[in-house]
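One letter stands for each residue in the lines below.
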Amino acid sequence: MQQSTSSIDTQTAPYAAFILRLALGSMFIAHALLKIMVFTPAGTVKFFESIGLPGPLAYAVMAAELLGGAALLLGWQTRRVALALLPVLLGAIYPHAANGWLFTAS
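As the structure is a prediction and not an experimental result, all values here were calculated from the model. (Residues numbered from 1 in each chain as written. Predicted model: local features only at pLDDT ≥ 70, side-chain atom pairs only at ≥ 80, totals over all residues. Heavy atoms only, no water.)

Caption draft 1: Broad picture of the side chain of threonine 44. The residue threonine 44 is located in helix H2 (residues 41-50) in this model. Residues in contact with threonine 44, not counting those within four places in the same chain, are Lys35, Phe39, Ala58 and Met62. (Helix = DSSP H or I, 4+ residues; strand = E, 2+ residues; numbered from the N terminus. Contact = heavy atoms within 4.5 Å.)

Encoded structure:
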């Protein structure tokens, strides 16, 4: 029986979803830790303010990235968590469009 290229292999799809979930969760945690440990929370607040965003939003973003990333890694409410993190990703386009995924202050 020939399988069409548009069908989903139900035997391997869960493994693909697992790998993607781990990658996305790791990315969010890495990005949160960059803000917390390298740029520091105070530095992140100042950066947000320097690009015209409210400073306290930095704390919400760091918490969302850290907690959301952990939830994705643990597999807890993954669809809801991914949807809740969508505004963070869309908001990241603003400062990252010209700088890439990771950048330094220098």
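After that view, the rundown keeps rolling.
Caption draft 2: Focus on the environment of arginine 80. By the element assignment, arginine 80 lies in helix H4 (residues 78-96). Counting along the chain gives 12 residues from arginine 80 to glycine 68, while the straight-line C-alpha distance between them is 9.8 Å.

Caption draft 3: Region of the structure containing the nonpolar core. The biggest cluster of nonpolar side chains holds 12 residues, and these are Met27, Phe28, Val45, Phe48, Ala58, Val61, Met62, Ala71, Leu72, Val81, Leu85 and Val88. At the level of elements, helix H1 (13-38), H2, helix H3 (57-74) and H4 are the ones that each hand at least two residues to this core. Examining the composition of this core, we find that five residues originate from one element, H3, more than from any other. Residues within four places of leucine 85 in sequence aside, it is in contact with Phe28, Ala64, Glu65, Gly68, Gly69 and Leu72. (Core = buried A, V, L, I, M, F, W, Y, C linked by side-chain atoms within 4.5 Å. Buried < 20%, exposed > 50% of the residue type's maximum accessible area, 1.4 Å probe, protein only.)

Caption draft 4: Highlighting H3. Between the first and last C-alpha of H3 there are 25 Å, a value that for 18 residues agrees with the 26 Å anticipated at 1.5 Å per step. Every buried residue belonging to H3 is among Ala58, Val61, Met62, Glu65, Gly68, Gly69, Ala71 and Leu72, and all of these are buried. The inward-facing, buried residues of H3 contact H1, H2 and H4. Just downstream of H3, glycine 75 is the residue with a positive phi angle, here 80°. (Expected span 1.5 Å × (residues − 1).)

Caption draft 5: A look at unusual backbone geometry. Positive phi values are uncommon outside glycine, yet threonine 40 reaches one of about 65°. Here threonine 40 is to be found in the loop between H1 and H2. A relative accessible area of 36% means that threonine 40 is categorised as partly exposed. Despite not being glycine, glutamine 77 has its phi angle at roughly 45°, a positive value. Using a relative accessible area of 36% as the deciding quantity, one classes glutamine 77 as partly exposed.

Caption draft 6: How the structure looks around the side chain of lysine 35. Structurally, the position occupied by lysine 35 is in helix H1. Contacts of lysine 35, omitting those with residues within four sequence positions, involve Thr40, Pro41, Thr44, Val61, Met62 and Glu65.

Caption draft 7: View of the pattern of salt bridges. The tally for this structure, following the rule as stated, stands at one salt bridge. Lysine 35 is paired through a salt bridge with glutamate 65; the nearest N and O atoms lie 3.1 Å apart. Taken together, the residues span a long stretch of sequence, with lysine 35 in helix H1 and glutamate 65 in helix H3 at a distance of 30 residues. Classification of glutamate 65 as buried rests on a relative accessible area of 5%. (Salt bridge = Lys/Arg side-chain N within 4 Å of Asp/Glu carboxyl O.)

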